[in-house]
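# Descriptive analysis of the structure
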Amino acid sequence: MASGRVTREVNEQQSTKKKVPLFPLLSLLCFTSIFLLLSQYRTASTSTSTSTSAPPTFPAACDYSDGAWLPRPARTPAYDRTCKEIFKGWNCLAANKSNAPSLATWRWQPRRCDLPQFDPALFLRARAHSSVGFVGDSLNRNMFVSLFCALKTASPGPVRKWRPAGADRAFTFLAYNLTIAYHRTNLLSRYGRWSATDDGGALETLGFREGFRVDVDVPESTWAQALRFHDILIFNTGHWWWAPSKFDPTKSPMLFFKKGQPVIPPLRPDQGLDMVLEHMIPYVEENARPGAVKFFRTQSPRHFEGGDWDQGGSCQRDRPLSVEQVEELFSVRNNGTNVEARLVNEHLYKALKGSSFIILDITHMSEFRADAHPASAGGKKHDDCMHWCLPGITDTWNDLFIELLNSKINGRS
Ligand SMILES: *[C@@H]1O[C@H](CO)[C@@H](O)[C@H](O)[C@H]1NC(C)=O
Ligand SMILES: *[C@@H]1O[C@H](CO)[C@@H](O)[C@H](O)[C@H]1NC(C)=O
Ligand SMILES: *[C@@H]1O[C@H](CO)[C@@H](O)[C@H](O)[C@H]1NC(C)=O
């Protein structure tokens, strides 16, 4: 899997920085203390490939998705409620959500390495004269806003707001000529309303009257031009594939088209997702700028308990879940309300295998954070247990994005 390759590279690179004679001792000490620290928070049920009697051989792969949220030492958010880009429903500090001041201070500690908090000033300097595009749904926008707010605090100079290459919005930090953009797309592929015609096509013959036409081989216009524009790209798709409120299986089903013709027999949404990824991933590989660094972000988990969003479900927790609670809520076997998080990932991993994308795996770390959604502070009729408070955990997603980006750019690959 691509993520395994990447994390190994990261670790090799870190290890070679250290001086040789001290290295085994230092790393053993370091590893032991992290292990001891983590073991206070993790339960015995987490089987480990590590044991105190048989230290692993170094360099060991660092799996950033394997770790724990620790309250101390606290993470210090780079920005606060005054960042203008924070959508009102995500501004949990301004909405007085009771745990808002503390939720962004939990720190993700991977088991075998550190995930440092990225330095916005350093990022602005290191990525001057380049361009970062987020392509995806509102969860990618949440991550984009987090990055914007962090960079804004470090770049007091003028910022140009504009809409290049189909973007919903973009900001250029003029002092650094660094642009970050958000391209809105729910399914990656183009889609729109479809109605039966009197001509009696294949779908009409099967009895379809209304639905959404999804062209699996056509990228949505909001990002088709983005590939020529950006040096760094971060994609996601997921939530809309399991959203029967819009794509109702009987009243307004997804109807997949390829080369302009309906796919017969019609596909289920999960099969359609496979087909879309099968076309969009090579499209990106072929059309991205030479040397572009491409990420695919894994699925952001929701935390509805006691029903789905439209059934009175809520997320009232004020601290991260335990390992057991995470498994209870997300294991595919339990088929709970939020099961789609891991299901979407199965599709993504399958489609990305062998590609040049770096997988930005934020799913498992985020599964713990039932406390970090706006919930009733989101200002909607129902609890928002899908998006994230800002400042919040998408700040940590950006830490990981930038860590992996730096190791890709500075590394040998
Ligand atoms: C949050 O609390 C502050 C201070 O008590 C208050 O001024 C403000 O109106 C509250 N905001 C909301 C959205 O309730
Ligand atoms: C600004 O950065 C872009 C790449 O994002 C580059 O094409 C352009 O030449 C840069 N402009 C200046 C004035 O350096
Ligand atoms: C999972 O649960 C949903 C209803 O909540 C049901 O429609 C679906 O068939 C279940 N899937 C499996 C694999 O059991």
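In case you missed it, the structure is sitting above this.
My aim in this report is to walk through the structure given alongside it, one point at a time. (Residues numbered from 1 in each chain as written. Chains lettered and ligands numbered in written order. Predicted model: local features only at pLDDT ≥ 70, side-chain atom pairs only at ≥ 80, totals over all residues.)

## Details of the overall build of the protein chain
The following threshold applies: Only DSSP runs of H or I covering at least 4 residues are called helices, and only runs of E covering at least 2 are called strands; the numbering of each starts at the N terminus. To sort residues by exposure, count the other C-beta atoms lying within 10 Å of each residue's C-beta; 20 or more gives buried, 12 or fewer gives exposed, and values between give partly exposed, all with C-beta atoms placed from the backbone.
A tally of helices and strands in the protein chain yields 13 helices and 13 strands. Expressed as a percentage of the 413 residues in the protein chain, the buried residues total 41%.

## What about helix α9 (residues 269-287)?
Put simply, the rule reads: Multiplying 1.5 Å by the residue count of a helix minus one yields the expected span of that helix. Whether two residues are in contact is decided by their C-beta atoms, placed from the backbone, lying within 7 Å.
For α9, with 19 residues, the first-to-last C-alpha span of 26 Å sits near the 27 Å given by 1.5 Å per residue. The set of residues buried in α9 consists of Pro 269, Gly 272, Leu 273, Val 276, Leu 277, Met 280, Ile 281 and Val 284. Of the surrounding secondary structure, the elements contacted by the buried residues of α9 are β7 (189-195), β8 (210-219), α8 (226-229), β10 (254-258), β12 (293-297) and α11 (340-352).

## A word on the sheet that holds strand β13 (residues 358-360)
In plain terms, the rule: Strand pairing is assigned whenever DSSP detects at least two bridges linking the two strands. Only C-alpha atoms enter the line fits that serve as axes; for helices the fit covers just the stretch in contact. Angles between N-to-C directions range over 0 to 180 degrees.
Strand order in the open sheet made by the 7 strands is β4-β5-β6-β3-β9-β12-β13, with mixed pairing throughout. Two strands close off the open sheet at either side, each with one partner strand: β4 (159-162) and β13. Each adjacent strand pair in this sheet contributes to an overall mean axis angle of 20°, direction not counted. Here 4 bridges tie β4 to strand β5 (residues 169-173), and the two strands are oriented antiparallel to one another. The residue of β5 that forms the bridge with Trp 162 is Ala 170.

## Some thoughts on the sheet that holds β7
Strands sit in the order β7-β8-β10-β11 across an open sheet of 4 strands; the sheet is mixed. Each of the sheet's edge strands pairs with one partner strand only, and the pair in question is β7 and β11 (261-262). Pairing analysis gives 2 bridges linking β10 to β11, with the strands arranged antiparallel. Across the sheet, residue Phe 257 finds its bridge partner in β11, namely Pro 262. Contacts from α9 reach β7, β8 and β10, with the element oriented near 25° to β8.

## Considering the site of ligand 2
What counts, and what does not: Nearness is defined per residue: the C-beta atom, placed using the backbone, must lie within 6 Å of the molecule or strand. Residue polarity follows a fixed list, in which Ala, Val, Leu, Ile, Met, Phe, Trp, Tyr, Cys and Pro are nonpolar, Asp, Glu, Lys and Arg are charged, and the others, Gly among them, are polar.
Taken together, His 129, Ser 130, Ser 131, Asn 177 and Thr 179 make up the full set of residues near ligand 2. Class assignment for the residues of the shell around ligand 2 results in no nonpolar, 5 polar and no charged.

## Focus: the nonpolar core
Rules: Nonpolar cores are identified as sets of buried Ala, Val, Leu, Ile, Met, Phe, Trp, Tyr and Cys residues joined via C-beta atoms within 7 Å.
Counting residues in hydrophobic clusters, the biggest one holds 101 residues, and the most contacted among them are Phe 295, Leu 360 and Phe 401. Ranked by the residues each element gives to this core, the list is headed by helix α5 (residues 138-154), at 9 residues. Other than its neighbours up to four places away in sequence, Leu 360 contacts Ile 234, Phe 295, Phe 296, Arg 297, Thr 298, Leu 400, Phe 401 and Leu 404.

## Some remarks on the pairing of strand β3 (residues 131-136)
The buried fraction of β3 is high, at 6 of 6 residues. Burial of β3 is two-sided: the residues Ser 131, Gly 133 and Val 135 facing one way and the residues Val 132, Phe 134 and Gly 136 facing the other way are all buried. As paired strands, β3 and strand β6 (residues 178-184) are joined by 6 bridges and run parallel to one another. Along β6, the bridge assignment pairs Phe 134 with Tyr 182. As judged from the 4 bridges shared by β3 and strand β9 (residues 232-235), these two strands associate in the parallel manner. Each residue of the ladder has a partner; that of Gly 133, found in β9, is Leu 233.

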